[in-house]
Amino acid sequence: MKTVLVTGGIGSGKSKVCSYLAGKGIPVYDTDSRAKNLYDTDSVLVGQIEDAFGIRLFDEEGKLRRKALSDLIFSDSGKLEKLESFVHPALLRDFLRWREMLEQEARQNGREYPFVCMESAIVLDKPVFKDLYDVVLLVDAPLELRLERAVERDSAPREKIMERILSQRIHLDKADKVIVNDGSPETLCRRVDEAMEILNLQLVKL
């Protein structure tokens, strides 16, 4: 089963592309939401982080202290890299389990998925994910449009969003296909269909 990496910067529209593909029956693995879920489900990961940073990730009520963790790492790039050294391998293991489960379910039901998608803005930069994906689909848009979308979506100051945009690396040279999302939702869907045809990827479950 092929894996298509859907990537792009903040406000590019990669989530909209993945939502469209999901509506066509393509399983989508959202790395952001799955990574957050791992804090609640992967006790090994939690133990590694707590030991490495000397903190408790959960409060007395058993709730994850997300702000305490983010305050700790985002003020120090070295600590962020250290956190990622635990989180990314755990995320990779989770993805492989997820994909294997889909393959098993498909075999039991006498069908198969033409491919699965991984949605991520950062995977191309992380060596641990090398060779995981077969196709890279990059969603892009003009900078000002990305900025407007992200400000509206996150209700955040333009300056903060711009900082996040500038911190991301966009690898156009690593993409098998670039989809420019600068029009209507209908235009985006049409461009996704065209990209799938060019890449010889079916959009219907067999």
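As the structure is a prediction and not an experimental result, all values here were calculated from the model.

Student: How should the overall build of the protein chain be read in this particular structure?
Tutor: If you tally the helices and strands in the protein chain, you get eight helices and five strands. Each helix and strand of the protein chain, placed in order from N terminus to C terminus, yields the pattern β-α-β-α-α-α-α-β-β-α-α-β-α. Radius of gyration (C-alpha) of the protein chain: 18 Å, near the 17 Å computed for a compact globule of 206 residues. Structurally, the protein chain occupies a C-alpha span of about 50 × 45 × 30 Å along its principal axes. Across the 206 residues of the protein chain, 41% fall into the buried class. Once local pairs closer than 6 in sequence are excluded, the contacts in the protein chain between residues at least 24 apart make up 71%. Separation of charge centres in the protein chain, based on 32 positive and 36 negative side chains, amounts to 0 Å.

Student: How do you make sense of the nonpolar core when you look at a structure like this?
Tutor: The nonpolar side chains of a soluble globular protein tend to be buried with one another. Residues Tyr39, Leu45, Ile49, Leu57, Leu83, Phe95 and Met118 are the most contacted members of the largest nonpolar core, which totals 34 residues. Broken down by secondary-structure element, the contributors of at least two residues to this core are helix H2 (31–41), helix H3 (43–53), helix H4 (66–73), helix H5 (77–108), strand E3 (115–119) and strand E4 (135–140). The element best represented in this core is H5, accounting for 10 residues. Residues in contact with tyrosine 39, not counting those within four places in the same chain, are Val46, Ile49, Leu57, Phe58, Leu64, Arg66, Leu69, Leu83 and Val87. Of all hydrophobic cores here, the second largest spans 20 residues; its members include Val135, Val139, Ile179 and Ala195.

Student: Any chance you could explain H2 here in plain terms?
Tutor: Helical geometry: 3.6 residues make up each α-helical turn, so side chains three or four residues apart lie on a common side. Turning to H2, its buried residues are Thr31, Ala35, Leu38 and Tyr39. The buried residues of H2 all sit within an arc of 100 degrees when viewed along its axis, so they share a single face. Looking at the buried side of H2, the elements it contacts are strand E2 (28–30), H3, H4, H5 and E3.

Student: Please explain the pattern of salt bridges as it appears in this structure.
Tutor: Side chains carrying opposite charge are able to pair once their charged atoms draw close together. One pass over the structure, following the stated rule, counts 11 salt bridges. Notably, a salt bridge pairs glutamate 144 with arginine 158, separated by 3.1 Å at the nearest N-O pair. Taken as a pair, glutamate 144 in helix H6 (residues 143–154) and arginine 158 in helix H7 (residues 158–167) lie far apart in primary sequence, 14 residues in all. On the basis of relative accessibility, which here comes to 40%, the residue glutamate 144 falls in the partly exposed class. One salt-bridge network, in which partners are shared between bridges, spans Arg34, Asp94 and Arg97.

Student: Would you take a moment to explain the packing of aromatic side chains for this structure?
Tutor: Aromatic ring pairs are reported here in terms of the distance separating the ring centres and the angle at which the planes meet. For the structure shown, the criterion picks out three aromatic pairs. Here the aromatic rings of phenylalanine 95 and tryptophan 98 are separated by 5.6 Å at their centres, their planes lie at 35 degrees, and the arrangement is tilted. Placement of the pair is phenylalanine 95 and tryptophan 98 together in helix H5, with a separation of three residues, close to one helical turn. Look at phenylalanine 95 and you get buried, because its relative accessible area is 0%. Taking the relative accessible area as the measure of exposure, tryptophan 98 reaches 10% and is therefore buried. What links up through ring pairs into an aromatic cluster is the set Tyr29, Phe95 and Trp98. Cation over ring: lysine 82 sits above phenylalanine 53, and NZ or CZ is 5.9 Å from the ring centre.

Student: It is not clear to me how the environment of arginine 93 should be interpreted in this structure. Could you clarify?
Tutor: Note that arginine 93 resides in helix H5. Sequence separation between arginine 93 and leucine 38 is 55 residues; the distance between their C-alpha atoms is 11 Å.

Student: What's the story with unusual backbone geometry in this structure? I'm lost.
Tutor: Glycine aside, negative phi is the norm for most residues, and most peptide bonds take the trans geometry. Here the phi dihedral of serine 155 falls at roughly 50 degrees; this positive angle occurs in a residue that is not glycine. The topology assignment puts serine 155 in the loop between H6 and H7. A positive phi angle is found at asparagine 200, which is not glycine, with a value near 60 degrees. In this fold, asparagine 200 is placed in the segment after helix H8 (185–198).

Student: Just checking my understanding: could you explain H3 for this structure?
Tutor: Residues of H3 that are buried: Leu45, Val46, Ile49, Glu50 and Phe53. On an axial view of H3, the arc spanned by its buried residues comes to 130 degrees, and they lie on one face. Along H3, exposed side chains directed more than 90 degrees from the buried face belong to Ser43, Val44 and Asp51. Elements that come into contact with the buried residues of H3 comprise H2, H4 and H5. Two to three positions downstream of the cap, the backbone nitrogen of valine 44 sits 3.1 Å from a side-chain oxygen, assigning the N-cap of H3 to aspartate 42. Glycine 54 occupies a position one or two residues after H3 and carries a positive phi of about 65 degrees.

The rules behind these values
Residues numbered from 1 in each chain as written. Predicted model: local features only at pLDDT ≥ 70, side-chain atom pairs only at ≥ 80, totals over all residues. Heavy atoms only, no water. Helix = DSSP H or I, 4+ residues; strand = E, 2+ residues; numbered from the N terminus. Rg over C-alpha atoms; globule rule 2.2 N^0.38 Å. Buried < 20%, exposed > 50% of the residue type's maximum accessible area, 1.4 Å probe, protein only. Contact = heavy atoms within 4.5 Å. Lys, Arg positive; Asp, Glu negative; His and termini not counted. Charge placed at Lys NZ, Arg CZ, Asp CG, Glu CD. Core = buried A, V, L, I, M, F, W, Y, C linked by side-chain atoms within 4.5 Å. Arc of directions from axis to C-beta. Salt bridge = Lys/Arg side-chain N within 4 Å of Asp/Glu carboxyl O. Phe/Tyr/Trp six-rings, centres within 6.5 Å; stacked < 30°, edge-to-face > 60°. Lys NZ or Arg CZ within 6 Å of the ring centre and 35° of its normal. Polar contact = N/O pair within 3.5 Å; in protein donor to acceptor, adjacent residues only side chain to side chain.

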